[in-house]
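Working through the structure, step by step
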Amino acid sequence: MEQQYIDLYKQQNDSIKKHSAAVMNDSRDASFALFQKLGFPTSALENYKYTDLKEALSVDYGLNINRISVPVNPYEVFSCDVPGIHSYLYFVVNDAFYPVNDARNNVLPKGVIIGSLKEVANTHPELLKDYYGKLSTIKEDGLIAFNGAFAQDGFFMYVPKNVVMDRPVQLVNILRSDVDFMANSHNLVILEEGAKAQLLVCDHTVDDVRFFANRVTEVFVAQNASYEHYKLENTHIKTTNLATLLIDQQASSKVLANVITLHNGVTRNTIEIDLDGENCETLLCGMVIADKKQQVDNFTSVIHNKPNCQSRELFKYVLDDMSKGGFTGKLYVAKDAQKTAAFQTNRNILLSKTAKMRTKPQLEIYADDVKCSHGATIGSLDETAKFYMQSRGISEEEARLLLMFAFTNDVIENIQIPALQDRMKLLVEKRLRGELSKCEGCVICQ
Amino acid sequence: MLQIKNLHASINGKEILKGLDLVVRPGEIHAIMGPNGAGKSTLASVLTGNTAFEVTKGDVTFNGKDLLELSPENRSREGIFLSFQYPVEIPGVSMVNFMRSALNEHRKYKNLEPLSATDFLRTMREKKELVEMDNKLANRSVNEGFSGGEKKRNEIFQMAMLDPKLAILDETDSGLDIDALRIVANGVNKLKRPDNASIVITHYQRLLDYIVPDFVHVLYDGRIVKSGGKELALELEERGYDWIKKEVDEAI
Ligand SMILES: Nc1ncnc2c1ncn2[C@@H]1O[C@H](COP(=O)(O)OP(=O)(O)OP(=O)(O)O)[C@@H](O)[C@H]1O
Ligand SMILES: [Mg+2]
């Protein structure tokens, strides 16, 4: 499976580099060498036990190395899942940043730069060079290495010192192609000291073909900065979506990440948050609603390298039909990360006998003065509660719905953008009712 | 209104109700007393359609309908209400959403439009006052973290909201302090009308001072073995159940 991509890289090496930027090319060959060594991860690997890519990788995907423009104007075809969010809106179509042509994006706060990673890498290389690949190239992970070799562009955001973004930023990844297609994009987010930003990443599919997306996002959150990252996936069943989110937190910074999978095919979220300064706060949440043959694996690591940091993790899954869920909660507390407080919860509801959930806490604690806890449960809906509701005249279906909604509610409550929170309540309810929480831009889900 | 004939029910293959007969007419209050484990709560569960119990024999009709054929939700919509001996906590489901869903499903069943938000909130307020329920409780998740007495009061609040034809109160008095007992009993009495009825399951004569029964039945070993007027409750309070057990055993 790897061989065709290895050949492709060798043949197209010049084109790949020509259509990217020097800063990105600097580490490209090294990433490729690492991919050659590691290959694609298989479920035989401990870290990929719950993700099986064999079938998805057997498909012959097209890549757009020569950056031929895709005939779609997302500003016209896309209608947002979250109306009323008033975001700064950007698109990555497949793996190319789409030129900004929306007037309201032009009034970013002073000094903020948002745009194509490739372009900014060419126009402001000094801005990127200390950051690009700093978190990703050190990982021994075949998918991340593959991304380092093949990603040519992506989304870039820079928020300078003490600048507070006045509106959320929204990045919509649209997968659009007439043939089975592979997209590799790399995103880079830099928040300088005291900066504040919220990013909502939405994943959508437009065409009824097989998609394979492998995206890496690196986020640097400097001292006293505050960053919120929301990922909302609403893709079709033929999508393989591999998303790596790597966040580095400096002293007294705050991070909230909320990763919501409403509809998908095969999804793997690899999330690693490194706490590299004291007094950091981290809240990492996620939610999965899956049915049919959907698969979602959230592999999370929270790394406490410095003392006096707090992290909380909360993941909830509702699995129906033949769907499969995986959760890994890795918590690492370094020897001198004293006074760490770290809590992790994963709760799961299986609605059918054929749905499967596998959950694994993985705690490595080397400091002695810490408060850590973890808990995981797998259950079905509370029958007693359901009967109680029915005995008050609520139909069985409605009772199930209320219970499932209640179950996911605390994850939604952790959304700090009011319009997004309201919208999520509605989308989750619709999703639980079995109506697809469709986005109008999506022909498959209509 | 309610006719139970030769009702047999079992759980996990163990027979609990062993040929129970009972007739309740509109306007009547029936008290059911009996030793622990006799099957009182089982009767309530069977009447409300709890699928944990299997009805193996017998008939139950409610206002002319075959009750055992109805789903739990339709029994409720037909006007049966159970105040649970052990009310269930439902974290994450707010009292308001719970009650709104319940009330509107009742209305839909009767081909009525859903209540407007203002009408609904007004009804909530009125009924809360009836059982003197704390506002804070109504803003929380259903029964979550409620004290024993608060849960019981919440049951009567729900009863007031749903306005049932037949209310079954399963040990609603247990866990209530003296003042709460009076408030809850008053609430029940205020909801009393000539066209509705109640079955009051209790261990204590005390409650029957407030809610005065027309009939008192003794449920023992899955059957009603003795019935009488309200004075039977006084006699049971005084003499316990041994003499009845003896009577039953001698009759066999
Ligand atoms: N799930 C169950 N499995 C097995 N036996 C059960 C189950 N539920 C109830 N029983 C049994 O059924 C019998 C009747 O129980 P029930 O709760 O109806 O009694 P009760 O008359 O309400 O008693 P109490 O006065 O203590 O409330 C008891 O012996 C009880 O142990
Ligand atoms: Mg009982």
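Residues numbered from 1 in each chain as written. Chains lettered and ligands numbered in written order. Predicted model: local features only at pLDDT ≥ 70, side-chain atom pairs only at ≥ 80, totals over all residues. Heavy atoms only, no water.

Things to note about unusual backbone geometry
All names here are of chain A. Unusually for a residue other than glycine, R67 sits at a positive phi of about 55 degrees. Tracing the backbone through its elements, the reader meets R67 in the loop between α4 (54-57) and α5 (74-77). According to the relative accessible area criterion, R67 is buried, its value standing at 16%. Phi at N162 takes a positive value of approximately 60 degrees, unusual for a residue other than glycine. Secondary-structure assignment places N162 in the loop between β4 (155-159) and β5 (169-175). (Helix = DSSP H or I, 4+ residues; strand = E, 2+ residues; numbered from the N terminus. Buried < 20%, exposed > 50% of the residue type's maximum accessible area, 1.4 Å probe, protein only.)

Some thoughts on the pattern of salt bridges
As enumerated under the stated definition, the model contains 36 salt bridges over all chains in all. Put simply, R392 of chain A and E155 of chain B hold a salt bridge, and the shortest N to O gap is 2.7 Å. Of this pair, R392 of chain A sits in the loop between α9 (383-390) and α10 (396-413) while E155 of chain B is found in helix α6 (residues 148-162), placing the two residues in two different chains. A single burial state applies to R392 of chain A and to E155 of chain B, both of which are buried. (Salt bridge = Lys/Arg side-chain N within 4 Å of Asp/Glu carboxyl O.)

Quick notes on the site of ligand 1
Residues and elements named next belong to chain B. As a structural note, the neighbourhood of ligand 1 is formed by 15 residues, with G37, K40, S41, T42 and H203 the closest of them. N12 places a side-chain nitrogen or oxygen 3.4 Å from a nitrogen atom of ligand 1. Between ligand 1 and the protein, one listed contact pairs an oxygen atom with a backbone N or O atom of G37 at 2.9 Å. Contact with the protein chains removes 65% of the 640 Å² of surface that ligand 1 exposes when unbound. With three residues, helix α1 (residues 40-48) is the single largest residue contributor to the shell around ligand 1. (Near = heavy atom within 4 Å. Polar contact = N/O pair within 3.5 Å; in protein donor to acceptor, adjacent residues only side chain to side chain. Areas by Shrake-Rupley, 256 points an atom, 1.4 Å probe, with all protein chains shown as cover.)

Description of the sheet that holds strand β6 (residues 80-83) of chain B
Residues and elements named next belong to chain B. Pairing is mixed in the open sheet, where six strands are placed in the order β6-β9-β10-β3-β11-β12. Two strands close off the open sheet at either side, each with one partner strand: β6 and β12 (223-228). The mean inter-strand angle of the sheet, taken between neighbouring strand axes irrespective of direction, is 20 degrees. Relative to strand β11 (residues 215-220), strand β3 (residues 29-33) runs parallel, the two sharing four bridges. Paired with H30 across the two strands is F215, which belongs to β11. (Pairing = 2+ DSSP bridges. Axes fitted to C-alpha atoms, helices over the stretch in contact; angles between N-to-C directions.)

Considerations on helix α10 (residues 242-251) of chain B
All names here are of chain B. Taken together, the buried positions of α10 are W243, I244 and V248. Within α10, the buried residues cover an arc of 140 degrees as seen down the axis, which keeps them to one side. Set apart from the buried face of α10 by more than 90 degrees, the exposed residues are D242, K246 and E250. Where α10 is buried, its residues contact β11, β12 and α9 (231-239). (Arc of directions from axis to C-beta. Contact = heavy atoms within 4.5 Å.)

Brief notes about the interface of chain A and chain B
If you look at the interface, chain A gives 16 residues, while chain B gives 27 residues. Note on chain A versus chain B: buried area summed over both sides is about 1800 Å², and carbon and sulfur give 65% of it. Together, F387, Y388 and R392 of chain A form the three largest contributors to the area buried by chain A at its contact with chain B, with a combined 44%. The tally of links between chain A and chain B comes to one salt bridge. (Buried area = accessible area lost by both parts, 1.4 Å probe.)

Considering the sheet that holds strand β5 (residues 65-66) of chain B
All names here are of chain B. Strand order in the open sheet formed by four strands is β2-β1-β4-β5, and the pairing between neighbours is antiparallel. Each edge of the open sheet carries a strand with a single partner, namely β2 (14-24) and β5. With two bridges connecting them, strand β4 (residues 54-62) and β5 associate as antiparallel partners. For F62, the partnering residue across the bridge sits in β5 and is K65. Across the face of the sheet, α1 comes into contact with β1 (2-11), β2 and β4 while running at roughly 105 degrees to β1.

Comments concerning the side chain of T42 of chain B
Residues and elements named next belong to chain B. Topologically, T42 is positioned in helix α1. By relative accessible area, which is 10% here, T42 ends up buried. Discounting chain neighbours no more than four positions away, the residues touching T42 are I16, L17 and F53.

Comments concerning the coordination of the magnesium ion (ligand 2)
All names here are of chain B. Bound to the magnesium ion (ligand 2) on the protein side are S41 (OG) and Q85 (OE1), at distances that span 2.0 to 2.2 Å. Within this pair, whereas S41 is found in helix α1, its partner Q85 is found in the loop between β6 and β7 (90-94), the two being separated by 44 residues in sequence. Assessed through its relative accessible area of 15%, Q85 is described here as buried. (Donors = N, O, S within 2.8 Å, 3.2 Å for Na, K, Ca; no water.)

As for empty space enclosed by the protein
Residue and element names in this part refer to chain A. Here the structure, examined in full by the defined rule, presents nine cavities of 30 Å³ or more. The calculated volume of the largest cavity comes to roughly 150 Å³. Surrounding the largest cavity, 16 residues form its lining, T217, H229, K231, A243 and T244 being those nearest its centre. Listing elements by their share of the lining of the largest cavity, those giving two or more residues are β7 (196-205), β8 (211-221), β9 (226-234), β10 (239-249) and β12 (266-275). The biggest single contributor to the lining of the largest cavity is β10, with four residues. (1 Å grid on protein atoms, 1.4 Å probe; cavity = no way out; pocket = protein on both sides within 12 Å on 5 of 7 lines; lining within 4 Å. Points joined across faces, edges and corners; volume = space filled by probe spheres on them.)

Here's the deal with the side chain of S311 of chain A
Residue and element names in this part refer to chain A. One can find S311 in strand β15 (residues 310-319). There is a polar contact of 2.8 Å between the side chain of S311 and the side chain of H304. Those residues within four positions of S311 in sequence are excluded, and the remaining contacts are T282, V302, H304, L331, A341, A342 and F343.

Description of the packing of helix α3 (residues 28-38) of chain A against helix α8 (residues 142-150) of chain A
Residues and elements named next belong to chain A. Packing of α3 against α8 brings their axes to within 7 Å, and their N-to-C directions diverge by 145 degrees. Viewed along their axes, α3 and α8 form a crossing whose handedness is left-handed. On α8, the residues touching R28, S31, F32, L34, F35 and L38 of α3 are G142, A145, F146, G148, A149 and F150. Of the residues in the contact of α3 with α8, the class split is eight nonpolar, three polar and one charged. (Left-handed = near helix turned anticlockwise from the far one by under 90°. Nonpolar A, V, L, I, M, F, W, Y, C, P; charged D, E, K, R; others polar.)

Here's the deal with the packing of aromatic side chains
Using the criterion set out here, one finds 18 aromatic pairs over all chains in the structure. Ring geometry for Y9 of chain A and F32 of chain A: centres 4.0 Å apart, planes at 15 degrees, overall stacked. Linking Y9 of chain A in helix α1 (residues 2-18) with F32 of chain A in helix α3, this pair joins segments that are 23 residues apart in sequence. Like F32 of chain A, Y9 of chain A is buried. On the basis of an interplanar angle of 75 degrees and a centroid distance of 5.6 Å, the ring pair of Y9 of chain A and F150 of chain A is categorised as edge-to-face. Here the residue Y9 of chain A occupies a position in helix α1, and F150 of chain A occupies one in helix α8, the gap between them amounting to 141 residues. The exposure classification of Y9 of chain A matches that of F150 of chain A, with both residues buried. Three or more aromatic residues link up through ring pairs in this structure, and these residues are Y5, Y9, F32, F35, F40, F146 and F150 of chain A. Just above the ring of Y204 of chain B sits the side chain of R206 of chain B; from NZ or CZ to the centre is 5.9 Å. The aromatic ring of W243 of chain B is capped on one face by R239 of chain B, whose charged end is 4.2 Å from the ring centroid. (Phe/Tyr/Trp six-rings, centres within 6.5 Å; stacked < 30°, edge-to-face > 60°. Lys NZ or Arg CZ within 6 Å of the ring centre and 35° of its normal.)

Quick word on the packing of α9 of chain A against α10 of chain A
Residue and element names in this part refer to chain A. Two elements in contact, α9 and α10, have axes whose closest approach is 9 Å; the angle formed by their N-to-C orientations is 130 degrees. The orientation of α9 with respect to α10, classified from their angle, is oblique. At the point where α9 passes α10, the crossing takes the right-handed sense. Along its contact with α9, which presents A385, K386, M389 and Q390, the element α10 presents E396, A399, R400, L402 and L403. Split by residue class, the contact of α9 with α10 holds five nonpolar, one polar and three charged. (Parallel < 35°, antiparallel > 145°, perpendicular 65-115°, else oblique.)

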